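A structural walkthrough
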Amino acid sequence: MPSPDWTCPATTEPVDAVVDLPGSKSLTNRFLVLAARASGVSRLRSPLRSRDTLLMVGALRGLGAEVEEVDGDDWLVTPGETQGEPLVDCGLAGTVMRFVPPLAALAHGPVHFDGDPQARTRPMGPALEAMRALGVRIDDDGRGALPFTVRGAGSVRGGAVTLDASASSQFISALLLSGPHYDHGVTIHHDGKPVPSQPHIDMTVEALRDAGADVDDTEPNLWRVEPGPLNPLDVQIEPDLSNAAPFLAAALVTRGRVRVPGWPQHTTQAGDEIRDILDEMGADVSLARDGLTVSAVDGFGGVDVDLHDASELTPVVAALAALAEGPSLIRGVAHIRGHETDRLAALARELGALGAIVTETEDGLHITPRPLSPTTFHTYADHRMVMAGAVIGLAVPGVVVEDVDTVAKTLPTFTTLWAGMLGRHRAEGRTA
Ligand SMILES: O=C(O)C1=C[C@@H](OP(=O)(O)O)[C@@H](O)[C@H](O)C1
Ligand SMILES: C=C(OP(=O)(O)O)C(=O)O
């Protein structure tokens, strides 16, 4: 059932706000997976609580781990053995549908996987084939997608495998995260068009090393993780930088100022690229000890940007592009047709309906701004479409974002934070 529509708050005032963002989805879900089979109890400090991370918690509990809330803000993760025949609900979470099956292969018995209707069309084929090549039995209906059953045999041979990860970096991250538990570890060779989202693979490698794993990523398109136990973790989760993007974009749209405290000086989060993009569009961007501050006094221009490494940013950058003073070209993101929805088609349709001239290219979008008129902004179960609609709605009074709660995939508090940023401390505008 779709959730309520949301009339986006518009403003003619410059925003001047400090926005505290909850933790990173990608970091939270990696550390959860590593902790679920570590050699002791791990502590995740300030993890993200959102649909994707709670689905991950549910999946790992199904596989026998305990996840317990402590001190109001942290999670303690205690590894355990799988009981029964769990059904893992992946929702629409790429991290759950890709990261959990290689772990489930270590269970003693079958583990079933399914998810939202849209999840059944997200690419999984190369990941399933690679697992089979490493010795895992999987039953599926031959489409290379959810639903499927992993027939856990208590151990996995592992070893070397070649796969095409051009549809998603998560295929590589998934095998690496469970590889230390395989008899021969895992050596992954990518063969195909360039792998997207390199920072997310770097994040996986760094998280594995935090847990004491021996990983070799020195050669392009080749990754090796040695077999061996993982140490328990005690980690502070960074704020989610991709979720920060719409708030920072608001500084440009309103000619205001937004600060996000806790912005890391060093990070593997792909969302960090938003700093360069906003700078190129004409914002003042400064990273200091008190966080990242973005401000703007004048209008802002379009960009020509390759988002292959940071494709999560596409919806918000496209929304900004539709409000910019010149045309933009977003390149390198053909694979986001397989994200929560076909994001290129969705953005072309929705920004086009508002009045922008948007052309889909083979690997991106060409956006020419035009005066925009309010309409219903459809979101296609995509949290980042909600964020894109909100950015447009700041400058175009009357934009209605459909199914707003879909944003809970990574940021359940989005509308509250948005209202707070605008100095209106309640989730405004619900019409149903
Ligand atoms: O590993 C991760 O946490 C992610 C990797 C990326 O996936 P793709 O490589 O499929 O784009 C990114 O877009 C997604 O939001 C999160
Ligand atoms: C693509 C995304 O998510 P997922 O982890 O489900 O792939 C995203 O958050 O933009």
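Residues numbered from 1 in each chain as written. Chains lettered and ligands numbered in written order. Predicted model: local features only at pLDDT ≥ 70, side-chain atom pairs only at ≥ 80, totals over all residues.

**Notes on the site of ligand 1**
To keep things clear, this is the line we draw: Using a C-beta atom placed from the backbone for every residue, we mark a residue as near a molecule or strand if that atom lies within 6 Å of it. In this text, helices come from DSSP runs of H or I with a minimum length of four residues, and strands from runs of E with a minimum of two, each type numbered from the N-terminal end. Residue classes follow a fixed rule: Ala, Val, Leu, Ile, Met, Phe, Trp, Tyr, Cys and Pro count as nonpolar, while Asp, Glu, Lys and Arg count as charged, and any other residue, Gly among them, counts as polar. An automatic or database domain assignment supplies the residue ranges for each domain.
Contacts to ligand 1 come from 13 residues, most closely from Ser26, Ser168, Ser169, Ser197 and His200. Secondary-structure elements contributing two or more residues to the shell around ligand 1 are helix 3 (94-104) and helix 5 (170-178). Of the residues contributing to the shell around ligand 1, the split by class is one nonpolar, 11 polar and one charged. A domain-level breakdown of the shell around ligand 1 finds at least three residues from each of domain 1 (6-22 + 240-421) and domain 2 (25-224).

**Here's the deal with helix 4 (residues 125-133)**
For clarity, the cut-off: Three exposure classes are used, based on other C-beta atoms lying within 10 Å of a residue's own C-beta, which is placed from the backbone: buried for 20 or more, exposed for 12 or fewer, and partly exposed in between. Any residue pair is listed as a contact if its two C-beta atoms, each placed from the backbone, are within 7 Å.
Turning to helix 4, its buried residues number three or more, namely Pro126, Ala127, Leu128, Ala130 and Met131. Tucked inside the fold, the buried residues of helix 4 contact helix 3, strand 8 (137-140), strand 9 (148-153), strand 10 (159-163) and helix 5. Glycine 135 lies just past helix 4 and shows a positive phi near 105°.

**Some points on the pairing of strand 9**
Note on strand geometry: in a regular strand, side chains alternate between the two faces of the sheet. Going by this rule: If DSSP finds at least two bridges between two strands, the strands pair.
Of the two faces of strand 9, the one lined by Phe148, Val150 and Gly152 is fully buried and the one lined by Thr149, Arg151 and Ala153 carries no buried residue. Where strand 7 (residues 108-114) and strand 9 come together, six bridges link them in antiparallel fashion. Bridge pairing links proline 110 to arginine 151 in strand 9.

**So, the site of ligand 2**
Near ligand 2 you find Ala93, Gly94, Thr95, Glu312, His339, Arg384 and Thr410, and these make up its full shell. Counting residues domain by domain, the shell around ligand 2 receives three or more from each of domain 1 (6-22 + 240-421) and domain 2 (25-224).

**Considering the packing of helix 7 (residues 241-254) against helix 9 (residues 314-323)**
Selection rule: Interaxial angles span 0 to 180 degrees and are taken between N-to-C directions of axes, which are lines fitted to C-alpha atoms, for helices over the stretch in contact. These descriptions rest on fixed angle ranges, namely under 35 degrees for roughly parallel, over 145 for roughly antiparallel, 65 to 115 for roughly perpendicular, and the rest for oblique.
Here helix 7 crosses helix 9 at 10°, and the two axes come no closer than 10 Å. It follows from the interaxial angle that helix 7 and helix 9 lie roughly parallel. Side by side, helix 7 and helix 9 meet where Ala245, Pro246, Ala249, Leu252 and Val253 of the first sit next to Val316, Ala319, Leu320 and Leu323 of the second.

**Overview of the sheet that holds strand 2 (residues 16-18)**
Reading across the sheet, the four strands line up as 2-15-17-16 and stay open at both edges, with mixed pairing between neighbours. Edge positions in the sheet fall to strand 2 and strand 16 (284-288), since each has one partner strand and no second. On average, each strand axis in the sheet is inclined to that of its neighbour by 10°, with strand direction left out of account. Summarising the sheet, strand 16 and strand 17 (residues 291-295) pair through five bridges and their orientation is antiparallel. Within strand 17, the residue paired with valine 285 across the bridge is valine 294. Across the face of the sheet, helix 7 comes into contact with strand 15 (257-260) and strand 17 while running at roughly 155° to strand 15.

**Considering unusual backbone geometry**
The amide bond that connects leucine 146 to the next residue, proline 147, takes the cis arrangement and shows omega of -5°. A positive phi is found at aspartate 71, a non-glycine position, where the angle reads about 50°. Note that aspartate 71 resides in the loop between strand 4 (66-70) and strand 5 (74-78).

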